[in-house]
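Residue-level listing of the chains:
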Amino acid sequence: MKKLWDLFITWFKMGAFTFGGGYAMLPMIQKEVIEKHHWATEDDIMDYYAIGQVTPGIIAVNTATFVGYDVAGVIGGIVATLGVIAPSLIIISIIAGLITNFSELEIVQHALKGIQVAVCVLMFHAILNLFKKGVKSILTFFIFLFSFLLAYFTSIPTMILVILAGVVGYVLTILNKKEGTSS
Amino acid sequence: MNTFLLMCLEFFKTGLFAVGGGLATIPFLKEIAMKYGWFTIETLTTMIAVSESTPGPIGVNMSTYVGYTMFGIPGAIGATLSLVAPSVIIICAIAKLLKSFKDSPIVQGIFNGLRPAVVGFILSAIISIYLNSLFHVEAYGNWTQFFNWKAILLFCGLLGFSYWKPKLHPIVMIAIAATIGIVFQL
């Protein structure tokens, strides 16, 4: 029971303080899920993000379901998901009911500009961490570089790039194995 | 069919077919707006603006907003639960499969390719966030206007602060930055 409550509260916090969708949640996931509760490793989170790109649904919700499932099975998946969507339900219902010009309020705009800069700083640390964990050899560096270039400079859907990267990873492993057994 | 059920069905379909995150739901919502006339394209624009300026995943914010506009709080809950239901089902199934196949060399190989690729995708997303937050992209070429000096200064300050206090919780950093934004009219 305590575990489910922890799951709910932790994902509630992340839903309440993430501005700008799935990727912006990364610094919070590193702090809460990886460092504080040890529910997942950095590798796990990268796997979940990759799977989240090729499966339907919102990445933040998919990641919450994954982590919840690992901690407490299907019930855990449902509880973590309810946790991450609950703040949106509360906040948006209040805004939709009371302050329809919310995003035009000057104080909101100034606060958001500040928050955007904070997200930049948080993402800077998050990507450095991920880079250290995920890019360990020349080969993985090239996969990283090509994925970045294709994602940034072309309009190929990320879903296709994920499938490509998976195929490349698979082929390289097979080749490595053959070399290992023949020599 | 009952309009409430029809709305839930439409959001379930959106959750099932929108691949690649919150912004992928927008074309589906546009289609719903045009097909049923439940809300106008102008309302949708307001909804996008509010969803982006409030915390939480954008797709969830949007479904809550549409649901609330149509049926109040029950609508907000119905629309959002319908939106996330397909991913909860699909991800639980994948998580179960993944547990059984985690040690298979094939799955390991695939993930060895995926992990560095994900770092690349995230870097690409981060650069877009940086351009939007620290520069006036629309003034590109006009070098006195291009740099958002206040934001860049705040960025350097917060970055230094984060190295000085590496244990600082992201929530605290966000709160500090929001306060500075309001006080200095960023």
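Criteria and thresholds
Residues numbered from 1 in each chain as written. Chains lettered and ligands numbered in written order. Predicted model: local features only at pLDDT ≥ 70, side-chain atom pairs only at ≥ 80, totals over all residues. Heavy atoms only, no water. Domains from an automatic or database assignment. Core = buried A, V, L, I, M, F, W, Y, C linked by side-chain atoms within 4.5 Å. Buried < 20%, exposed > 50% of the residue type's maximum accessible area, 1.4 Å probe, protein only. Helix = DSSP H or I, 4+ residues; strand = E, 2+ residues; numbered from the N terminus. Contact = heavy atoms within 4.5 Å. Disulfide = S-S within 2.5 Å. pLDDT = per-residue confidence, 0-100. Expected span 1.5 Å × (residues − 1). Arc of directions from axis to C-beta. Axes fitted to C-alpha atoms, helices over the stretch in contact; angles between N-to-C directions. Parallel < 35°, antiparallel > 145°, perpendicular 65-115°, else oblique. Nonpolar A, V, L, I, M, F, W, Y, C, P; charged D, E, K, R; others polar. Phe/Tyr/Trp six-rings, centres within 6.5 Å; stacked < 30°, edge-to-face > 60°. Lys NZ or Arg CZ within 6 Å of the ring centre and 35° of its normal.

To continue, consider the domain arrangement of chain B. The domains assigned to chain B are domain 1 (3-101) and domain 2 (105-183). Look at where the C-alpha atoms of domain 1 of chain B and domain 2 of chain B centre, and you get two points 27 Å apart.

So, on to the nonpolar core. The biggest cluster of nonpolar side chains holds 107 residues, and the ones touching the most others in it are Trp11, Ile45 and Tyr49 of chain A together with Ile122 of chain B. Here the element with the most residues in this core is helix H4 (residues 59-98) of chain A; it accounts for 15 residues. Other than its neighbours up to four places away in sequence, Ile122 of chain B contacts Tyr23, Leu26, Tyr49, Met123, Ile127 and Leu130 of chain A.

Let us look at the state of the cysteines. Within the structure shown, the criterion is met by zero disulfides over all chains. No disulfide involves Cys120 of chain A; its nearest neighbouring cysteine sulfur is the one of Cys156 of chain B, lying 11 Å away. The buried category is assigned to Cys120 of chain A, whose relative accessible area is 0%.

This part takes up unusual backbone geometry. Of note, the phi angle at His38 of chain A is positive, near 55°, even though the residue is not glycine. Tracing the backbone shows His38 of chain A in the loop between helix H2 (26-36) and helix H3 (42-54). In the Ramachandran plot, Gln185 of chain B falls in the positive-phi region, its phi being about 55° despite a non-glycine side chain. A relative accessible area of 45% means that Gln185 of chain B is categorised as partly exposed.

In the predicted model, chain A carries a mean pLDDT of 89, and 97% of its residues have values of at least 70. The spread of mean pLDDT over the elements of chain A runs between helix H7 (residues 158-182) of chain A, the lowest at 82, and helix H1 (residues 2-17) of chain A, the highest at 94.

Residues and elements named next belong to chain B. If you trace the backbone, Val66 turns up in helix H4 (residues 58-101). Measuring from C-alpha to C-alpha, the distance between Val66 and Ala95 comes to 31 Å, with 29 residues separating the pair along the chain. Excluding residues within four positions of it along the chain, Val66 makes contact with Phe11, Phe39 and Met47.

A few words on helix H8 (residues 170-183) of chain B. The first and last C-alpha atoms of H8 of chain B sit 20 Å apart over 14 residues, in line with the 20 Å expected at 1.5 Å per residue. Buried within H8 of chain B we find Pro170, Ile171, Met173, Ile174, Ala177, Ala178 and Gly181 of chain B. The buried residues of H8 of chain B occupy an angular sector of 160° when projected down its axis, which confines them to one face. For H8 of chain B, the elements touching its buried residues are H1, H2 and helix H5 (106-134) of chain A together with helix H7 (149-164) of chain B. Directly after H8 of chain B, the chain includes Gln185 of chain B, whose backbone phi takes a positive value near 55°.

Residue and element names in this part refer to chain A. With their axes 10 Å apart at the nearest point, H3 and H5 run at an angle of 100° to one another. On the basis of their axis angle, the class for H3 and H5 is roughly perpendicular. Of the residues in H5, those in contact with Glu42, Asp43 and Met46 of H3 are Asn129, Leu130, Lys133 and Gly134. Its residues assigned to classes, the contact of H3 with H5 comprises two nonpolar, two polar and three charged.

For the structure on display, the rule yields 16 aromatic pairs over all chains. Ring geometry for Phe8 of chain A against Phe12 of chain A: centres 6.1 Å apart, planes inclined by 35°, an arrangement best described as tilted. With Phe8 of chain A and Phe12 of chain A both in helix H1 and four residues apart, the pair spans about one turn of that helix. Members of the aromatic cluster, joined through ring pairs, are Phe131, Phe141, Phe142 and Phe144 of chain A. When the ring centre of Trp164 of chain B is taken as origin, the NZ or CZ atom of Lys165 of chain B, which lies over that ring, is 4.4 Å away.

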